Amino acid sequence: MITLLVNGEKQVVKASPDTPLLWVLRDDLGLTGTKYGCGMALCGACTVHIDGEAVRSCVIPVSSLAGKKITTIEGLSQNSDHPVQKAWAAVQVSQCGYCQSGQIMSAVALLAKRPHPTDADIDLAMSGNICRCASYSQIRAAIHRAAKAG
Amino acid sequence: MKSGAALGAGLTLAFYFPSGLAKSVTAGAAPDTTPITAFEPNAFLRIAQDNSVTVIVKHLEMGQGTYTGLSTLIADELDADWSLIRVEGAPANGSLYNNLAWGPAQGTGQSTSIANSFEQMRKAGATARAMLVAAAAVQWQVPENEISVNKGVVQHLGSNRRASFGDLVVAASKQPIPAMVTLKEAKDFQLIGKNTERKDTLEKLNGTATYTADVQQPGLLTALVAHPPLFGAKVKAFDASKAKTIPGVVDVLQIPSGLAVLANGFWPAKLGRDALEIEWDESEANKLGSEEIMQQYREIANTPGLPVRIEGDCEQAMTDAAQKLSASFEFPYLAHAAMEPLGCTMALKSGTGELWNGEQFQTMTQLKVSNVLGVKFNQVKINMLYAGGSFGRRANPRADYQSEAAYIIKAIAGRVPIKLLWTREDDMRAGYYRPLNYHTLEAGLDDQGKLIAWRHRIVGQSILADTPLEPVLIQKGIDPMSVEGARDMPYHIPNIHLDLHTPKIGVPVLWWRSVGHTHTAFSIETFIDELAAAVKKDPVEFRQQLLADEPRLLNVLNLAAEKGRWGKPLAKGQGRGIAVHKSFNTYVAQVAEVTVTQNGQLKIDRVTCVVDCGMAINPGIIEEQMHGGIGFGLSAALRGAITLNKGKVEQSNFHDYAPLRINEMPQVSVHIVPSSKAPTGVGEPGVPPIAPAVCNAIFSATGKRIRSLPISQHDLRQT
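Since the structure is predicted, the reported quantities are computational estimates derived from the model, not experimental observations.

About the cut-offs
Numbers given to residues run from 1 along each chain, matching the order in which its sequence is written. Just so you know, chain letters begin at A and ligand numbers begin at 1, following the order they were written in. pLDDT decides what is reported in this predicted model: residues at 70 or higher carry local features, side-chain atom pairs at 80 or more are listed and counted, and totals for whole chains, interfaces and linings draw on all residues regardless. Only hydrogens and water are set aside; all other atoms, that is, all heavy atoms of the structure, feed into the side-chain values. The domain limits used here are those given by an automatic or database domain assignment. Throughout, a contact is declared for two residues whenever any of their heavy atoms are within 4.5 Å. Buried area: the sum, over both parts, of the accessible surface (1.4 Å probe) that disappears when the two are put together. Put simply, a salt bridge is a Lys or Arg side-chain nitrogen that is within 4 Å of an Asp or Glu carboxyl oxygen. By the criterion applied in these results, polar contacts are pairs of N or O atoms within 3.5 Å in which, for protein atoms, one can donate a hydrogen and the other can accept it, and in which residues neighboring in sequence qualify only through two side-chain atoms. Counting from the N terminus, the helices are DSSP H or I runs at least four residues long and the strands are E runs at least two residues long. Stacked, tilted and edge-to-face pairs are distinguished by plane angle, under 30 degrees for stacked and over 60 for edge-to-face with tilted covering the rest, among Phe, Tyr and Trp rings (Trp via its six-membered ring) whose centres lie within 6.5 Å. Any residue under 20% of the maximum accessible area for its type is buried, any over 50% is exposed, and the rest in between are partly exposed; the area is computed with a 1.4 Å probe on protein chains only. We call a charge positioned over a ring when the NZ of a Lys or the CZ of an Arg lies within 6 Å of the ring centre and within 35 degrees of the ring normal. Note on pairing: two strands pair once DSSP finds at least 2 bridges between them. Convention adopted: a line fitted to C-alpha atoms gives each axis, helices being fitted over their contacting stretch, and angles between N-to-C directions are expressed from 0 to 180 degrees. A crossover counts as right-handed when, viewed with the strands pointing away from the observer, the path leading from the first strand over the helix to the second turns clockwise.

Asks: Could you give an account of the domain arrangement of chain B, naming the residues involved and the relevant values?
Replies: Reports often express the size of an interface as the amount of accessible area lost when the parts come together. Residue and element names in this part refer to chain B. Considered domain by domain, chain B is made up of domain 1 (3-200), domain 2 (212-283 + 342-421) and domain 3 (290-333 + 433-713). Here the C-alpha centroids of domain 1 and domain 3 sit 38 Å apart. Counting from both sides, the interface comprises 29 residues of domain 1 and, opposite them, 23 residues of domain 3. Taken together, both faces of the contact between domain 1 and domain 3 bury some 1,900 Å²; the carbon and sulfur share is 65%. There are 1 salt bridge connecting domain 1 and domain 3. A salt bridge links Arg198 to Glu624, with the shortest nitrogen-to-oxygen separation between them at 3.7 Å. Put simply, domain 1 and domain 3 have 7 residue pairs in polar contact (both at pLDDT 80 or more) between them. Counting residues per element, the side of domain 1 that touches domain 3 draws most heavily on helix α2 (residues 66-78), at 4 residues.

This is the structure in structure tokens:
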């Protein structure tokens, strides 16, 4: 039994200790907004926040997370109105949408550290998140927009 | 044989099906006898008493924006309030929801969604509007022509009466369906041509959009399948005893495609699969490597293929030519590698198989899955979900992953629903690749530098061969998908000879975003560039002269040159290249600007893209599809290759099959040609020109010709 703090709620899970956080979120807690894309921390579709840091949940064993604060896309805002989500809506970023939860979680973590990122900052922080639809120009525009909105 | 009505001039394909299939597809649904709670004038929309308008979209939403596009067509004719439009994916029903470009088959592809639905959706909306107006006219005792509709409100100004759509649900349902409706003129469009907000935006930014892997059902078991290491290998013997000791593993089953592990969740299923001991029978398997296949193709290309396009006398013209050039081109296998790996959820209850899937080819899936399950065609139901990309992979005439799920559910007799998941490695190694191709091109020019002869030979596996579509789509041995873009090569040349070899190789192949155009556009557009250089002509000017009879291509070419700063000075190490190509009745020209450093580092700086897709339904989505096509095409051009070594796929995940990332995305500017012509597709046509435009730019920067892809295998260092 492992007790996790996910989106502000305590969750007791029975998964084996080596289970990556991603599968605990998806299969045990029903939080399917976080996606599987590669299982090797290569694509960023599974990005969540652990104590505010963007982390690839597909390679983090759940046993290492007792007492840490985990935030998923479902916990980012009550009404889909986080400034980054608002910017995403205004720019109409999504195509297939599958990578978008991870993209948004990475962007939120970036803006927390660098409220007004340059294009180079965006390249550095977001190049771990693949978008096969190549909505990259829109992602960049949305991050700048969110930064402006503060 | 029942023929499919192909919409739009020049559409190359209409799908035909054996009459037995057509019959089973067209068996209608039972009449609805439930009390009226919604107004459902046809299969495409439903208006509820809460004023919501639900549009039933027959095409798969895989990112290309079809939920928004088709809804826009209905909503405009209906004069609906866009904010009250909801979208639902249509069930599998080929008689109601067939792709009109494909006859009786339901499916999404060939960039046909908007083109085949343009009139159908507008008529659906206009019919509903007419019935709402008729209902109001009866209620208010006023003439219909005095009633107006605006943003979901029906009103009669003279008597100051108004009603919402919801108010009229019951009355409109009792109106006869009009035999004829008048569609709006373009000047009256309210939504068409505007950047209406996508319908899938909110769900996709808060994590609630449901994809196949997100389906949850009581008692559901997750299935992972151990696939053979070689295409065509089979399980010979196995020992599952270790796998079965892993907590959470419920069962291990042998199915035709391998060994399925059923477990409570992904992780135990994966641990169980890792613990399997399997001996494979590789006697029938493909053991050829990519290089051996390519070498076979090079040899085959020395012999004449099946004639595809013969104009004039190429042989004689080549003899007469003052100058001749030839080149060969090599293209690797490519995986689709959508962000969402393949999978589907399936249940089997009382003889009905039910799928939850982002389904791209309903009719073929129903056919294959019903065969596997031994049930009737119409006893295969499909619940439509979003697809996390597809690029063609989710439309497979062999329904590979759906059949795999069907074999599993059949093996457990539908005891519980199962969710088949593929890992990234499964997805990348399962085949159904863009075929490996080899082209040779030869051109003859007269003493004025005029192109007088063109010989093009293509060697590559057929996509349609050995599928249920072969008997009706392959004509005289020619798979149209092998030669599209070359068969209709637009340059005016008096003597043309195009032929084709389609060798059989044991590697499964499939259409990959823009299909044949992915290789034909490259060889044609880089070879044309080579010819321009050989006669010392500007590449744009050289093309202009050959496109005098192709006004729409010429126009996008000229606009791209203008917007793409053609001829303007460049810094040392920079180059500019152009390519123009028509695919799926859409015309696209792109100018790429690249930088190649002294040590051979390549950067794509800027791409200017001009698209003529007829009337623009949603310019924002068109622009995004051009960006997407460019990014997708660049991934492949720069370093995309699936390679086989002794039959084994060498790539497995995004480290060795590495898509473009944000830091590599060029600045893209898109220009849409204003047009009042019927709309054509945009999902694929952005792809074909980018690789040749980039390679032509590399030539301009370095003088090096790239004739095999990906570019990463070439040394671009300046010596």
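Back to the write-up after that little detour.
Asks: Got a sec to walk through the packing of aromatic side chains? Specific residues and values, please.
Replies: All names here are of chain B. In total, this model carries 18 aromatic pairs over all chains according to the counting rule given. Geometrically, the ring pair formed by Phe331 and Phe522 is edge-to-face, given 5.7 Å between the ring centres and 90° between the ring planes. With a gap of 191 residues between them, Phe331 in strand β14 (residues 323-331) and Phe522 in helix α16 (residues 517-534) connect regions that are remote in the sequence. With respect to class, Phe331 is no different from Phe522; both count as buried. A network of ring pairs unites the aromatic residues Phe329, Phe331, Trp454, Phe522 and Phe527 as a single cluster. The lysine or arginine in question, Arg513, covers the ring of Phe632, its NZ or CZ lying 5.4 Å from the ring centre.

Asks: Can you break down unusual backbone geometry residue by residue, with the values?
Replies: Residue and element names in this part refer to chain B. Here the bond from Leu709 into Pro710 is cis, since omega is 0°, no more than 30 degrees from zero. For Pro710, the position within the fold is in the segment after α20 (690-702). Despite not being glycine, Lys536 has its phi angle at roughly 55°, a positive value. Locating Lys536 in the fold gives a position in the loop between α16 and α17 (539-546).

Asks: So what's going on with the interface of chain A and chain B? Which residues, and what values?
Replies: If you look at the interface, chain A gives 51 residues, while chain B gives 54 residues. Summed over both sides, the interface between chain A and chain B buries roughly 4,200 Å², with carbon and sulfur atoms accounting for 57% of that surface. Across the chain A-chain B interface, the total number found is 2 salt bridges. Salt-bridge contacts for Lys35 of chain A lead to Asp214 of chain B; the nearest nitrogen and oxygen are separated by 2.5 Å. Along the contact surface separating chain A from chain B lie 25 residue pairs in polar contact (both at pLDDT 80 or more). The element that contributes the greatest number of residues to the side of chain A that touches chain B is helix α5 (residues 136-149) of chain A, accounting for 5 residues.

Asks: I'd like a rundown of the sheet that holds strand β15 (residues 343-349) of chain B, residues and numbers included.
Replies: Residues and elements named next belong to chain B. The strand order β10-β11-β8-β18-β15-β16-β17 describes an open sheet built from 7 strands, whose pairing is mixed. Strand pairing shows two members of the sheet lacking a second neighbour, β10 (249-255) and β17 (380-384), which therefore form its edges. Direction aside, neighbouring strands of the sheet carry axes that sit 25° apart on average. As defined by bridge partners, strand β8 (residues 221-226) adjoins strand β11 (residues 258-263) across 5 bridges and the pair is classed as antiparallel. Among the inter-strand pairings, Val225 is bridged to a residue of β11, identified as Ala260.

Asks: Can you lay out the pairing of strand β3 (residues 53-57) of chain B for me, pointing to particular residues and giving the numbers?
Replies: Residues and elements named next belong to chain B. Counting buried positions along β3 yields 5 of 5 residues, so the element is predominantly enclosed. Burial along β3 is two-sided: Val53, Val55 and Val57 facing one way and Thr54 and Ile56 facing the other are all buried. With 3 bridges joining them, strand β2 (residues 45-48) and β3 adopt antiparallel strand pairing. Residue pairing in the sheet places Leu45 in a bridge with Val55 of β3. Between the antiparallel neighbours β2 and β3 lie 4 residues, among them Asn51 with a positive phi of about 75°. Where β3 lies against strand β4 (residues 85-89), 5 bridges are found, and the strand directions are parallel. The residue bridging Thr54 from the neighbouring strand is Arg86, located in β4. In this region the chain leaves β3, passes through α2 and returns to the parallel neighbour β4; the handedness of that crossover is right-handed.

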